Amino acid sequence: MEESVTEQPVPPPAQGEEEHPSLALANSAPALPGGHTIDLLGTPAQADHWLTQRGLAPADAGMREMCAAQLRSLREQIRSLFAARAEGLPALPAAVDAVNDAMTRVPTAPLLRWDDRTGPYRTAPHPTTAIVDLAVATLAADAADLLTSPAAERLTACGSPPCNRFLLRHGRRQWCSTRCGDRARAARAYARRTAGT
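Residues numbered from 1 in each chain as written. Predicted model: local features only at pLDDT ≥ 70, side-chain atom pairs only at ≥ 80, totals over all residues. Heavy atoms only, no water.

Asker: Looking at this structure, how should I read the pattern of salt bridges?
Answerer: Pairing between side chains of opposite charge can happen when the charged atoms of each approach one another. Within the structure shown, the criterion is met by 7 salt bridges. Residues participating in the shared-partner salt-bridge network are Asp39, Arg75 and Glu76. (Salt bridge = Lys/Arg side-chain N within 4 Å of Asp/Glu carboxyl O.)

Asker: Even after reading the chapter, I still don't get the packing of aromatic side chains, so can you show me in this structure?
Answerer: Each aromatic ring pair is described using two quantities: the centre-to-centre distance and the angle formed by the ring planes. Inspection of the entire model under this criterion finds 1 aromatic pair. Ring plane angle 80° and centroid distance 5.9 Å describe the contact between Phe82 and Phe166, whose orientation is recorded as edge-to-face. Of this pair, Phe82 sits in helix α3 (residues 65–87) while Phe166 is found in strand β6 (residues 166–168), placing the two residues 84 residues apart along the sequence. Judged by its relative accessible area of 0%, Phe82 falls in the buried class. Classification of Phe166 by relative accessible area gives buried; the value is 4%. (Phe/Tyr/Trp six-rings, centres within 6.5 Å; stacked < 30°, edge-to-face > 60°. Helix = DSSP H or I, 4+ residues; strand = E, 2+ residues; numbered from the N terminus. Buried < 20%, exposed > 50% of the residue type's maximum accessible area, 1.4 Å probe, protein only.)

Asker: Hey, could you run me through the nonpolar core in this one?
Answerer: Soluble globular proteins tend to pack their nonpolar side chains together in the buried interior. One finds Trp50, Leu51, Leu74, Ile78 and Phe82 to be the most contacted residues of the largest nonpolar core, which totals 34 residues. Those elements that provide at least two residues to this core are α1 (21–26), α2 (44–53), α3, α4 (93–104), α5 (131–148) and β6. Among the elements that line this core, the one with the most residues is α5, at 9 residues. Excluding residues within four positions of it along the chain, Leu51 makes contact with Leu56, Ala57, Met63, Leu71 and Ala135. By size, the runner-up hydrophobic cluster in this structure holds 7 residues, among which are Cys158, Cys163, Cys176 and Cys180. (Core = buried A, V, L, I, M, F, W, Y, C linked by side-chain atoms within 4.5 Å. Contact = heavy atoms within 4.5 Å.)

Asker: Is there a simple way to explain the pairing of strand β4 (residues 119–123) in this structure?
Answerer: Walk down a regular strand and you will see the side chains alternate between the two sheet faces. Where strand β3 (residues 111–115) and β4 come together, 5 bridges link them in antiparallel fashion. Looking at β4, one finds that Leu112 is bridged to Arg122. Where β3 folds back onto β4 in an antiparallel hairpin, the turn is made up of 3 residues. (Pairing = 2+ DSSP bridges.)

Structural data, given as structure tokens:
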């Protein structure tokens, strides 16, 4: 039985997600008002769709639950590291280890191959069956790059509860989307009105 991917009302990408797929991964389970959460990696088909949209896997890669669980696990480790960096706290060693482990699972140099007919050539070192390992390594490397770059100074959590997404701050903007900014401004206006009565 084929599992379908249903489009859910997700917030638009937060600032920085398009440049950093690890930020998009960290934001792939957004909290919504009313205590709801959308998990964009909740099923193998959703994980497959998410990776395909970001060019990290071919269409219909045939993701299994174990693969989706691997992505969700990396997401939580990266979220932990982003939260620690944004709050100026020490990182959990297990989160650092998980990112390092993901990066070292897949060799990065193209390997030399030899075809009897056409001769030598270089090719990516991952077999088709290791699509998730390559995607996880790419996401982990991007998270490490982001955390060690000057852009890490701009990494922050969205300032509009209950949102749980991260963004790269530009100027004074503290929200991941216009929707969250509007909600925060409305909450401040309501607080001012009720404080005056």
